[in-house]
Amino acid sequence: DYAESVNPIGSTGGGTQALDIALGNVQTATVDTSTNVFTFDNPSVTGKSCSFTLILTNGGSQTVTWPGTVDWAGGTAPTLTTTGIDVLTFLTLDAGTIWYGFLAGAAMA
């Protein structure tokens, strides 16, 4: 059996929202107010693979800004669902200097 801890953030409320990986490799959040600027905190050290999944509700309803260290598949951040759930995955091998970002699922029900 393999399990990952879930960090239920709840409503982001706009402003800066830290996604603290030490609190769980699965993060859940709902975008509901104003611009949201996400930061990724406490990745594993260089030489260790570190990944987390973000289950984001209503991400396209407001402006979402990702860290500049995210290298998105295809070179562009995905368009998020206005009303619904998107599943995003992030991976780093160098303590967060570069995060590889992937949209794993859009408009999930």
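Data block above holds the structure.
The shown structure was predicted, so the numbers you read here are calculated from the model rather than taken from an experiment.

**Q** Help me understand the environment of Ser11 in this model?
**A** Residue position: Ser11 is located in strand β1 (residues 6–11). On the accessibility criterion, Ser11 (47% relative accessible area) is partly exposed. Put simply, Ser11 and Ser49 are 38 residues apart on the chain and 29 Å apart in space, counted from C-alpha to C-alpha. A distance of 3.1 Å separates the side chain of Ser11 from the side chain of Asp32, its partner in a polar contact.

**Q** It is not clear to me how a nonpolar patch on the surface should be interpreted in this structure. Could you clarify?
**A** The grouping of Ile98, Tyr100 and Phe102 at the surface amounts to a nonpolar patch, some 240 Å² of accessible area in total. Counting through the fold element by element, Tyr100 comes out in strand β9 (residues 99–108).

**Q** Got a minute to help me understand the side chain of Asp20 in this structure?
**A** Along the chain, Asp20 turns up in strand β2 (residues 15–20). Separated by 2.8 Å, the side chains of Asp20 and Asn42 make a polar contact. Leaving out residues up to four positions away in the same chain, Asp20 has contacts with Asn7, Gln27, Asp41 and Asn42.

**Q** What is the right way to read the pairing of strand β4 (residues 36–41) from this model?
**A** Each regular strand displays side chains that alternate between the two surfaces of the sheet. Across the two faces of β4 the burial differs, with Asn36, Phe38 and Phe40 buried and Val37, Thr39 and Asp41 not buried at all. One ladder, built from six bridges, connects β2 with β4; its direction is parallel. Paired with Asp20 across the bridge in β4 is Asp41. Sheet topology places β4 next to strand β6 (residues 64–65); two bridges connect them, and they run parallel. Looking at β6, one finds that Val37 is bridged to Thr65.

**Q** I tried to follow unusual backbone geometry on my own but got confused; where do I start?
**A** Keep in mind that most residues, glycine aside, have a negative phi and that most peptide bonds are trans. One non-glycine residue with positive phi stands out, namely Asn42, at about 65 degrees. For Asn42, the location among the structural elements is in the loop between β4 and β5 (50–57). Of note, Ala107 is a non-glycine position whose phi angle comes to about 55 degrees, a positive value. For Ala107, the position within the fold is in strand β9.

Cut-offs and rules
- Counting restarts for each chain, with residues numbered from 1 along the sequence as it is written.
- At least 70 in pLDDT is required for a residue's local features to be given in this predicted model, at least 80 for side-chain atom pairs to be given and counted, and no such filter applies to totals for whole chains, interfaces and linings, which use all residues.
- The side-chain quantities take in all heavy atoms of the structure and omit both hydrogens and water.
- Strands are runs of DSSP state E lasting at least two residues, helices are runs of H or I lasting at least four, and both sets are numbered from the N terminus onward.
- Partly exposed residues are those whose accessible area sits between 20% and 50% of the maximum for their type, while under 20% is buried and over 50% is exposed, using a 1.4 Å probe and protein chains only.
- Residues adjacent in sequence count toward polar contacts only when both atoms are side-chain atoms; beyond that, a polar contact is any pair of N or O atoms within 3.5 Å, and within protein one must be able to donate a hydrogen and the other to accept it.
- Like-charged residues within 9 Å of one another, or nonpolar side chains (Val, Leu, Ile, Met, Phe, Trp, Tyr) within 5 Å, are grouped into patches, provided each residue has over 30% relative accessible area and no salt bridge.
- The accessible surface values rely on the Shrake-Rupley method and a 1.4 Å probe; as for residues, cover is taken only from the protein chains in view.
- By definition, a salt bridge exists where a carboxyl oxygen of Asp or Glu is found within 4 Å of a side-chain nitrogen of Lys or Arg.
- Pairs of residues are marked as contacts when any of their non-hydrogen atoms sit within 4.5 Å.
- Two strands form a pair only when DSSP identifies at least two bridges running between them.

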